[in-house]
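Here is how the chains run, residue by residue.
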Amino acid sequence: MKNKKILWICVAAAVLLLIAAAALFYANKFHIEIELNGEPEITLEYGSSYTDPGAGAYLRGVLFMKEGKELPVTAEDPVDPEKTGSYTVRYAARKWGWSGEAERTVRVVDTQPPVLQLAGSEKITLTAGAAFEDPGCSASDGYDGDLTSQITVTGEVDTKTAGTYTLTYEVKDSSGNAASLSRTVTVKAAASTGNTVLPKNRTIYLTFDDGPGPYTAKLLDVLAKYNVKATFFVTNKPDYNHLIARMAQEGHAVGIHTASHNYKEIYASEEAFFADQQIMQDIIIEQTGSPTRLMRFPGGSSNTVSNFNKGIMTRLTKAVTDRGMVYFDWNVSSGDAGEVNTTAEVVKNVKNGILSCRYANVLQHDIKKFSVNAVEEIIQWGLANGYTFAALDETSPTCHHGINN
Ligand SMILES: [Zn+2]
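Residues numbered from 1 in each chain as written. Predicted model: local features only at pLDDT ≥ 70, side-chain atom pairs only at ≥ 80, totals over all residues. Heavy atoms only, no water.

Participant: I would appreciate a short explanation of the coordination of the zinc ion in the present structure.
Facilitator: For the zinc ion, the protein coordination sphere consists of Asp 210 (OD), His 257 (NE2) and His 261 (NE2), at 2.1 Å. Along the chain, the residues donating to the zinc ion are arranged with the sequence spacing D-x46-H-x3-H. Here His 261 lies in the loop between strand 17 (253–256) and helix 4 (263–266) and Asp 210 lies in the loop between strand 15 (203–209) and helix 2 (216–225), a separation of 51 residues in the sequence. By relative accessible area, which is 21% here, His 261 ends up partly exposed. (Donors = N, O, S within 2.8 Å, 3.2 Å for Na, K, Ca; no water. Helix = DSSP H or I, 4+ residues; strand = E, 2+ residues; numbered from the N terminus. Buried < 20%, exposed > 50% of the residue type's maximum accessible area, 1.4 Å probe, protein only.)

See the structure below:
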């Protein structure tokens, strides 16, 4: 009996011990932890070698076996250091019913921009009118290889207009690394610019400013009737701009008189002047197919209406010449812009003016009907007296007045 009682106590104790052990085992929460060697995110320049730093795995509990028991780790490592991209390295460990997993991100990047190489010189100089072909540029990238076909070029060279032009070559590799390079092309004015050749015959250059306008077509009819060539210094008159094409077709010279003819605007700055001049040049190109190098300043180069901007005419007359433009003033004024307002007075002023010149650059305005009406009589008189009528060109006498501002 006594033995049996002891046995039962032993059994009960064993059961209790087992329960306690099970509870303790449960409370210890066994699990597998994976500890990465090195950083969890690694960035790598492509082409460099990569050795995964690996990881350690431990079976651990929270109450005991905190240090853990080291386990073997399997790693799946897809990193290709020759190929840019984001890779995930996966680690796993298993022991009995437990398993653990961890990841590392490895980014293979290309931070090196492509290298651009100009063909031909970085600075090219040519004479206005000469042909220009961009010698081009090549691009190579360590990662992407030849990127020449991806180069974009911005900027244009107007070989007809003197100036300095910049061509910019840009390229990006597949990782977005950009490179750019520039070339400057200087177009120098042709040697003939401003080299005046005096006419052999007594010559009349009829010039008409401020048009085209409502009387310009009629004027062109009169000029055509006598086969007389004249010069038009035009402004932007959208309703009449189509007549600029007719002027060129019929052999007249077309020059720029600015688009707006607004003194306050055009003489406010060199930038403003050239911006306005470009508008007119673009209209002339649109109408005639080619740019002009002839121009006349509103008010003439001697004007004082620009006095609000000190020295602007000194600067502009040099700047337009540097750009290969030839500017003209006049030596015979019809007076039609101011004091005169009849056809008869215009005829008289022009005849008197012409008589005192070897060659006459006659200023009229084809937006004035009474002035246009004087042209036929002036032509008849000129032809009858042995004058030659001609359109201005780059070698014609410029009749510069001199600068007053
Ligand atoms: Zn004018």
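Following the structure, the description resumes.
Participant: I tried to follow the side chain of Gln 281 on my own but got confused; where do I start?
Facilitator: By the element assignment, Gln 281 lies in helix 5 (residues 270–288). Within polar-contact distance, the side chain of Gln 281 engages the backbone oxygen of Thr 292 at 2.9 Å. If we ignore the near neighbours within four places in the chain, the residues touching Gln 281 are Ile 256, Pro 291 and Thr 292. (Polar contact = N/O pair within 3.5 Å; in protein donor to acceptor, adjacent residues only side chain to side chain. Contact = heavy atoms within 4.5 Å.)

Participant: Hey, could you run me through the pairing of strand 21 (residues 359–365) in this one?
Facilitator: On a regular strand, each side chain points to the face opposite its neighbour's, so the side chains alternate between the two faces of the sheet. A large share of strand 21 lies buried, amounting to 6 of its 7 residues. Pairing between strand 15 and strand 21: 7 bridges, direction parallel. Residue pairing across strands places Ile 204 opposite Ala 360, the latter belonging to strand 21. For the crossover from strand 20 (residues 332–333) across helix 7 (residues 343–355) to strand 21, the handedness is right-handed. (Pairing = 2+ DSSP bridges. Right-handed = clockwise from strand over helix to strand, strands pointing away.)

Participant: So what exactly am I meant to see when it comes to a nonpolar patch on the surface here?
Facilitator: There is a patch of nonpolar side chains on the surface, built from Leu 7, Trp 8, Val 11, Val 15, Leu 16 and Ile 19 and spanning about 630 Å² of accessible area. Following the sequence through the fold, Leu 7 ends up in helix 1 (residues 2–27). Residue Leu 7 is classed as exposed on the basis of its relative accessible area, which comes to 52%. (Patch = residues over 30% accessible without salt bridge, like charges linked within 9 Å, V, L, I, M, F, W, Y side chains within 5 Å. Areas by Shrake-Rupley, 256 points an atom, 1.4 Å probe, with all protein chains shown as cover. Salt bridge = Lys/Arg side-chain N within 4 Å of Asp/Glu carboxyl O.)

Participant: Which parts of the structure should I look at to understand the sheet that holds strand 7 (residues 98–109)?
Facilitator: Across the sheet, 4 strands lie side by side as 2-7-6-5; this open sheet has mixed pairing. Of all the strands in the sheet, just strand 2 (41–45) and strand 5 (74–76) have a single pairing partner and so form its edges. When strand polarity is set aside, the average angle formed by the axes of neighbouring strands in this sheet is 25°. Pairing geometry for strand 6 (residues 85–95) and strand 7, over 11 bridges, is antiparallel. What sits directly across from Gly 85, in strand 7, is Val 108. (Axes fitted to C-alpha atoms, helices over the stretch in contact; angles between N-to-C directions.)

Participant: Is there a simple way to think about the packing of helix 7 against helix 9 (residues 375–384) in this case?
Facilitator: Any two packed helices are characterised by the angle at which their axes cross and by the distance between the axes. At a minimum axis separation of 9 Å, helix 7 and helix 9 run at an interaxial angle of 30°. With respect to helix 9, the axis of helix 7 lies roughly parallel. The two elements helix 7 and helix 9 meet at a crossing, and its hand is right-handed. Residues Val 346, Val 347, Val 350, Lys 351, Ile 354 and Leu 355 of helix 7 touch helix 9, and the partners they reach there are Glu 377, Ile 378 and Trp 381. (Parallel < 35°, antiparallel > 145°, perpendicular 65-115°, else oblique. Left-handed = near helix turned anticlockwise from the far one by under 90°.)

Participant: Looking at this structure, I do not really get the sheet that holds strand 9 (residues 123–127). What am I missing?
Facilitator: What holds strands together in a sheet is hydrogen bonding between their backbones, with the strands either parallel or antiparallel. With mixed pairing, 4 strands are arranged side by side in an open sheet as 9-14-13-12. Here the strands that pair on one side only, and so sit at the sheet edges, are strand 9 and strand 12 (152–154). Pairwise comparison of adjacent strand axes, ignoring direction, gives a mean angle of 25° for this sheet. Bridge count between strand 13 (residues 163–172) and strand 14 (residues 178–188): 10 bridges; the pairing is antiparallel. Within the sheet, the bridge partner assigned to Thr 164 lies in strand 14 and is Thr 186.

Participant: Explanation requested: unusual backbone geometry in the structure shown.
Facilitator: Apart from glycine, the bulk of residues carry a negative phi angle, and the bulk of peptide bonds sit in the trans form. Cis rather than trans, the peptide bond between Gly 211 and Pro 212 has omega equal to -5°. With respect to the helices and strands, the residue Pro 212 is situated in the loop between strand 15 and helix 2. The backbone of Trp 96 sits at a positive phi, close to 45°, despite the residue not being glycine. Not every positive phi belongs to a glycine, and Cys 399 is a case in point at roughly 50°. Residue position: Cys 399 is located in the segment after strand 22 (388–389).

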